[in-house]
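Remarks on the overall topology
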Amino acid sequence: MKIFSSVNDVADVQKLVSQAISLKKKPFVDEQLGKHKTLGLIFLNPSLRTRLSTQKAAMNLGMQVIVMNLDKEGWALETRDGVIMNGSTVEHIREAAGVMGQYCDIIGFRSFPSLVNRDEDYAETIFNKFVKFSGVPVVSLESATRHPLQSLADLITIEELKKTAKPRVVLTWAPHVKPLPQAVANSFAEWMNRADYDFVITHPQGYDLAPEFVGDAIVTNNQDEALAGADFVYVKNWSSYNDYGKVLTDGEGWAITNEKLKLTNNAGVMHCLPVRRGLELSHEVLDGPNSLVLNQANNRVWAAQAVLKNMLEGLSLT
Amino acid sequence: MKIFSSVNDVADVQKLVSQAISLKKKPFVDEQLGKHKTLGLIFLNPSLRTRLSTQKAAMNLGMQVIVMNLDKEGWALETRDGVIMNGSTVEHIREAAGVMGQYCDIIGFRSFPSLVNRDEDYAETIFNKFVKFSGVPVVSLESATRHPLQSLADLITIEELKKTAKPRVVLTWAPHVKPLPQAVANSFAEWMNRADYDFVITHPQGYDLAPEFVGDAIVTNNQDEALAGADFVYVKNWSSYNDYGKVLTDGEGWAITNEKLKLTNNAGVMHCLPVRRGLELSHEVLDGPNSLVLNQANNRVWAAQAVLKNMLEGLSLT
Amino acid sequence: MKIFSSVNDVADVQKLVSQAISLKKKPFVDEQLGKHKTLGLIFLNPSLRTRLSTQKAAMNLGMQVIVMNLDKEGWALETRDGVIMNGSTVEHIREAAGVMGQYCDIIGFRSFPSLVNRDEDYAETIFNKFVKFSGVPVVSLESATRHPLQSLADLITIEELKKTAKPRVVLTWAPHVKPLPQAVANSFAEWMNRADYDFVITHPQGYDLAPEFVGDAIVTNNQDEALAGADFVYVKNWSSYNDYGKVLTDGEGWAITNEKLKLTNNAGVMHCLPVRRGLELSHEVLDGPNSLVLNQANNRVWAAQAVLKNMLEGLSLT
């Protein structure tokens, strides 16, 4: 594996999930694999779970880890080609990526979307430039349109806890006060479409995800209908794709509460975190027995470790 | 040991001091103990000594260390229960602590007081919530009312250097330009009360510490009287406890100078650092032979290492 | 080696270069040397290459590394002697350095010049205070007037790639929008003067470097003349030394382009990075076959590793 940015980079998703679950049981079996290998974790945006879980995964594999919050510890990157850099950007992504590739065997890279220019965001311009100019294998730590380590952890969580071969999995939009990326929702949809689940997406009018991510999912604006019989409910806000980056509604009535849970098949409730309590999800649900949010967070380690393991094995082959 | 937040968490203080002094002589004897164990160091406020010394202590024990300056690298935490999070706080301490507990075997946590709401500060609301929701052993890296790793290092320093079984130890208030927490003073008093010393506290009127910390100490507003015959003088500013968080005086005449030192029994001069030169302590004292501030800073490593060693041994038992 | 702040700290430059090139081939031969040794990397200014490459070098040597961005994670340092610290500076460099010396076996320290007070900057007041009060070996990660790890990496790069025993090496000033330190240019000149090269410096009028750095170099304000027959062209902006810290010209015509390269002996083009594309150097040069900027960045690791290796060997002797 030379890149991990989407489910499309994974040849055998079930095998990757199995490897992750296996590493969860024996975290240190591969600690010789990463010896003398350096992972760089480069953030252009803040991170809690992603940074900690990926750092831990790499250390479990015996890797050296260098963390760089480029937005805070470094300086503004120029990402446009051909410009005269006489403004506030200090370094071009070509050099920044190229330099980091000199120091790291594998790089994890996070860059959020602008939510202004949809074409650029959805072309993954910045992420792809980073990959190209770094010259080493790159793991997405969340890009403009996807958050694959999160989605893999989500899939692991469902696989561990599902009670039927083909559970009903519902992705529901939830209210928020700020315009958020579509990345987590896109990515979750992309991975659920690959799994053989009964997959449903529900959101208010105007919040349709891009068709390439919706795939074969059933889509409805009727949340109650979607929740009926759900085994897993994934709660997440996103801003509009069509009216790009906009918040179209305060989303009253869309928060997931115990009342709503009654519609489901005693569903496990998932969220990638951070979550706005009382707004996206009620306190009672988050503090109740159906919440799987800490399971998901825990599985971030094993998701990252399985991906890094595959990348390290790829390095050994060359 | 499952928590280290106060002297009250320590069953045998003398034993802990002995362990620390022993580790100082042989720092790497336990480097297998921390193998495959992760320490998270979570800061909601800046740190120099605490971060570096605790990180070093953990590495000496063979631990993996993850440092997170949550105030700078992360986002604002919500700490109130039951609120609708539609403002500027991005994540609740319940999830933040819970998630970190998924990734760390032991967590060090720093959170300063508000200096606004005394009841909340003195109930250690934030620290206690973090402990509760993290679900793993927690070391205080300074909380609203205490700084126990500092106090343990201070005790080690006195034990190493005392010339009599029961030295006279004086905690004196010193001037500052900003309102500072009472944590270091409280904590020092708490630990000195546990040691069998002649313990005296001196400060201007209005700066009495909370009674539970003063304990059996002799308290006087007459600094000269307090200093007479002192073997150790601990210099520290704190804001008022009674008129909570307020600066009541510019403290003229309270700085410790060579002139003042003449009143003492050639006392060792202590300060937790950072120190305001020329304001709390004269340059001549800090640069002179009586200053113990670097000894204290050095002992921060062994204090942290002794505490972490005990926690790691506790983990192995479970 | 107890200090690495200038070429003058190196007894045998050729030997140091050889050691670096040898470590590049076998990075892990000395990984027992740094066992149980801690390197502190202390930054008062931002860093990308220096931080990552030095961290990696130290890890290759088996050292524990603690990184501290004191400007962001810590607080403002007081560097003046004898002042009453009743303003915004929180800690004096005497204590800060002294404390870090308690925790680290070797310290790397970065502090940029004020570009306001030339005497203070060129006396290396802050760097020298840090060295004095830390009490341990110190590596400059760029000080007010020099960037020796960069210069050593530059020398390694030229030694690796030179086709004649005595190549023509040209240091040329380039345009920039901000007043930059003279450190990289000074330092490069200092190291080139030590090497037995044909060394030429070219810049617009008013940009003369300090005489102690110019040394035996040929200096000309005619860039074309300087470039003629050059084997290596080092491109770098600096602000005026004589009209201290000032930008005197927009430097039109001084950028290095393919057109300019035609004047040279198919020269390798060097820059310490970060580089302002289109301003200092044309995109075509940076993206073309003559660019050595990534070679230089890569050699930062081996430069740092050779220096740290020498310092560690020095520690073992004591």
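Remember, it's a predicted structure, so these values are computed and weren't measured experimentally.

A tally of helices and strands in chain A yields 13 helices and 12 strands. Radius of gyration (C-alpha) of chain A: 19 Å, near the 20 Å computed for a compact globule of 318 residues. For chain A, the spread of C-alpha atoms along the principal axes amounts to about 55 × 50 × 30 Å. Across the 318 residues in chain A, those meeting the buried criterion constitute 64%. Long-range contacts, defined here as pairs at least 24 residues apart, represent 78% of the contacts in chain A between residues at least 6 apart. As displayed, chain A has an accessible area near 11100 Å², and 49% of this comes from carbon and sulfur atoms. Separation between the mean location of the 32 positive side-chain charges and that of the 36 negative ones in chain A comes to 6 Å.

In this section: the relation of the copies chain A and chain C. The two copies are related by a screw motion: chain A maps onto chain C through a turn of 120° and a shift of 0.0 Å along the axis, at an RMSD of 0.0 Å. Expressed as an axis order, the relation between the two copies is that of a three-fold axis. Taking the C-alpha atom as reference, chain A places Lys72 of chain A closest to the rotation axis, 4.8 Å from it. The residues that chain A uses at the interface reappear at the interface of chain C in only 3% of cases, marking distinct surfaces.

Right, let's talk about the pattern of salt bridges for a bit. Scanning the model with the defined rule gives 48 salt bridges over all chains in all. Among the ionic pairs, Glu313 of chain B bridges to Lys309 of chain B, the shortest N-O distance being 3.5 Å. Here Glu313 of chain B pairs with Lys309 of chain B, and both are found in helix α13 (residues 293-317), just 4 residues apart, close to one helical turn. Look at Glu313 of chain B and you get partly exposed, because its relative accessible area is 31%. Among the charged side chains, a network of salt bridges with common partners joins Asp81, Arg94, Glu95 and Lys129 of chain A together with Arg277 and Asp287 of chain C.

It is worth spelling out the UniProt feature "domain: Aspartate/ornithine carbamoyltransferase Asp/Orn-binding" (unreviewed entry) in chain A at this point. Here, UniProt's "domain: Aspartate/ornithine carbamoyltransferase Asp/Orn-binding" (unreviewed entry) annotation points to residues 184-309 of chain A. Secondary structure content for residues 184-309 of chain A is 36% helix and 13% strand, while the C-alpha to C-alpha distance between its ends is 23 Å.

So, on to the interface of chain B and chain C. One frequently used descriptor of interface size is the decrease in accessible area upon assembly of the parts. Of the residues lining the interface, 31 residues belong to chain B; the matching set on chain C comes to 33 residues. A combined buried area of about 2800 Å² lies between chain B and chain C, and 58% of that area is made up of carbon and sulfur atoms. In this structure, the connection of chain B to chain C is made through 15 residue pairs in polar contact (both at pLDDT 80 or more). Looking at the side of chain B that touches chain C, the elements with two or more residues in it are α2 (49-60), α12 (283-286) and α13 of chain B. The residue inventory of the side of chain B that touches chain C, partitioned by class, reads 14 nonpolar, 8 polar and 9 charged.

One key point about sheets: their strands pair by backbone hydrogen bonds, in either a parallel or an antiparallel sense. Residues and elements named next belong to chain A. One open sheet holds the 5 strands; their spatial order is β10-β9-β8-β11-β12, and the pairing between them is parallel. Edge strands, defined here as strands with exactly one partner in the open sheet, are β10 (218-220) and β12 (268-270). This sheet shows a mean twist of 20° between the axes of neighbouring strands, independent of strand direction. With 5 bridges joining them, strand β8 (residues 168-173) and strand β11 (residues 232-236) adopt parallel strand pairing. What sits directly across from Trp173, in β11, is Lys236. Across the sheet, helix α7 (residues 148-161) is in contact with β8, β11 and β12; its angle to β11 comes to roughly 155°.

Once chain B has been moved 0.0 Å along the axis and rotated by 120°, it coincides with chain C to within an RMSD of 0.0 Å. Looking at the interface residues of chain B, only 3% of them are also at the interface in chain C, so each copy uses its own face.

As a further point, take the packing of helix α2 (residues 49-60) of chain A against helix α4 (residues 93-103) of chain B. Relative to each other, α2 of chain A and α4 of chain B sit at 10°, their axes nearing to 10 Å. Classified by the angle their axes make, α2 of chain A and α4 of chain B are roughly parallel. From α2 of chain A, Arg49, Leu52, Ser53 and Lys56 of chain A reach across to α4 of chain B, where they touch Val99, Met100 and Tyr103 of chain B. For the contact of α2 of chain A with α4 of chain B, the per-class residue count stands at 4 nonpolar, 1 polar and 2 charged.

This part takes up the pairing of strand β11 (residues 232-236) of chain C. The two faces of a sheet get side chains in turn, since along a regular strand they alternate between them. Residue and element names in this part refer to chain C. When you tally the buried positions in β11, you get 5 out of 5 residues, the bulk of the element. In β11, alternate side chains face the same way, and those of Phe232, Tyr234 and Lys236 on one face and Val233 and Val235 on the other are all buried. Pairing of β11 with strand β12 (residues 268-270), which is carried by 3 bridges, proceeds in the parallel orientation. Bridging across to β12, Tyr234 finds its partner in Met270.

Residue and element names in this part refer to chain A. Counting buried positions along strand β3 (residues 64-69) gives 6 out of 6 residues, so the element sits mostly inside the fold. Side-chain alternation along β3 places Gln64, Ile66 and Met68 on one buried face and Val65, Val67 and Asn69 on a second face that is also buried. Direction of pairing for strand β2 (residues 38-43) relative to β3: parallel, over a ladder of 6 bridges. By the bridge assignment for β3, Gly40 is matched with Ile66. In this fold, β2 hands off to α2, which returns the chain to β3; that crossover is right-handed.

This part takes up the UniProt feature "domain: Aspartate/ornithine carbamoyltransferase carbamoyl-P binding" (unreviewed entry) in chain A. Look at the UniProt record and you will see "domain: Aspartate/ornithine carbamoyltransferase carbamoyl-P binding" (unreviewed entry) annotated at residues 9-160 of chain A. Annotation note: span residues 9-160 of chain A, helix share 45%, strand share 16%, distance between end C-alpha atoms 23 Å.

In this structure, Gln55 of chain B sits in helix α2. Residues within four places of Gln55 of chain B in sequence aside, it is in contact with Leu41, Val65 and Val67 of chain B together with Val65 and Ile66 of chain C.

Further remarks concern empty space enclosed by the protein. Residue and element names in this part refer to chain A. Under the criterion given, the structure shown has 1 cavity of 30 Å³ or more. Together, Trp173, His176, Lys178, Tyr207, Asn237, Val247 and Thr249 line the largest cavity. Of the residues in the lining of the largest cavity, the class split is 3 nonpolar, 3 polar and 1 charged.

Overall, parallel pairing links the 5 strands, which are arranged β1-β7-β6-β2-β3 (chain B) in an open sheet. Bordering the open sheet on either side are β1 (3-4) and β3 (64-69) of chain B, each of which pairs with just one other strand.

The calculated volume of the largest pocket comes to roughly 1900 Å³. As for the largest pocket, its lining consists of 48 residues, of which Met63 and Gln64 of chain A, Met63 of chain B together with Met59 and Met63 of chain C are closest to the centre. Taken together, the residues of the lining of the largest pocket break down into 15 nonpolar, 18 polar and 15 charged.

So, on to the environment of Phe109 of chain C. Note that Phe109 of chain C resides in strand β6 (residues 106-110). C-alpha of Phe109 of chain C to C-alpha of Ser18 of chain C: the two residues are 91 residues apart in sequence and 25 Å apart in space.

It is worth spelling out the environment of Leu180 of chain A at this point. Tracing the sequence through the fold places Leu180 of chain A in the loop between β8 and α8 (183-194). Taking the C-alpha atoms as reference points, Leu180 of chain A and Val247 of chain A, 67 residues apart in sequence, are found 8.7 Å from one another.

Glancing now at the domain arrangement of chain A. Residue and element names in this part refer to chain A. For chain A, the assigned domains read domain 1 (3-146 + 300-317) and domain 2 (150-296). In this structure, domain 1 and domain 2 have C-alpha centres spaced 25 Å apart. Taken together, the contact pairs 29 residues of domain 1 with 29 residues of domain 2. A buried area of about 2500 Å², summed over both sides, lies between domain 1 and domain 2, and 61% of it is on carbon and sulfur atoms. Looking at the side of domain 1 facing domain 2, the largest losses of area belong to Leu115, Arg118 and Tyr122, adding up to 28% of the total buried there. Taken together, the links from domain 1 to domain 2 amount to 2 salt bridges. For the salt bridge of Arg146 with Glu190, the shortest nitrogen-to-oxygen distance reads 2.9 Å. At the junction of domain 1 with domain 2, the criterion picks out 13 residue pairs in polar contact (both at pLDDT 80 or more). Taken together, the elements giving at least two residues each to the side of domain 1 that touches domain 2 come down to α1 (13-25), α5 (118-122) and α13 (293-317). The greatest single-element share of the side of domain 1 that touches domain 2, amounting to 7 residues, is contributed by α1. When the residues that make up the side of domain 1 that touches domain 2 are grouped by side-chain class, the tally is 16 nonpolar, 6 polar and 7 charged.

Conventions we followed
- Residues numbered from 1 in each chain as written.
- Chains lettered and ligands numbered in written order.
- Predicted model: local features only at pLDDT ≥ 70, side-chain atom pairs only at ≥ 80, totals over all residues.
- Heavy atoms only, no water.
- Helix = DSSP H or I, 4+ residues; strand = E, 2+ residues; numbered from the N terminus.
- Rg over C-alpha atoms; globule rule 2.2 N^0.38 Å.
- Buried < 20%, exposed > 50% of the residue type's maximum accessible area, 1.4 Å probe, protein only.
- Contact = heavy atoms within 4.5 Å.
- Areas by Shrake-Rupley, 256 points an atom, 1.4 Å probe, with all protein chains shown as cover.
- Lys, Arg positive; Asp, Glu negative; His and termini not counted.
- Charge placed at Lys NZ, Arg CZ, Asp CG, Glu CD.
- Least-squares fit on C-alpha atoms with pLDDT ≥ 70 in both.
- Salt bridge = Lys/Arg side-chain N within 4 Å of Asp/Glu carboxyl O.
- UniProt positions renumbered as here; feature names shortened; annotations may be inferred.
- Buried area = accessible area lost by both parts, 1.4 Å probe.
- Polar contact = N/O pair within 3.5 Å; in protein donor to acceptor, adjacent residues only side chain to side chain.
- Nonpolar A, V, L, I, M, F, W, Y, C, P; charged D, E, K, R; others polar.
- Pairing = 2+ DSSP bridges.
- Axes fitted to C-alpha atoms, helices over the stretch in contact; angles between N-to-C directions.
- Parallel < 35°, antiparallel > 145°, perpendicular 65-115°, else oblique.
- Right-handed = clockwise from strand over helix to strand, strands pointing away.
- 1 Å grid on protein atoms, 1.4 Å probe; cavity = no way out; pocket = protein on both sides within 12 Å on 5 of 7 lines; lining within 4 Å.
- Points joined across faces, edges and corners; volume = space filled by probe spheres on them.
- Domains from an automatic or database assignment.

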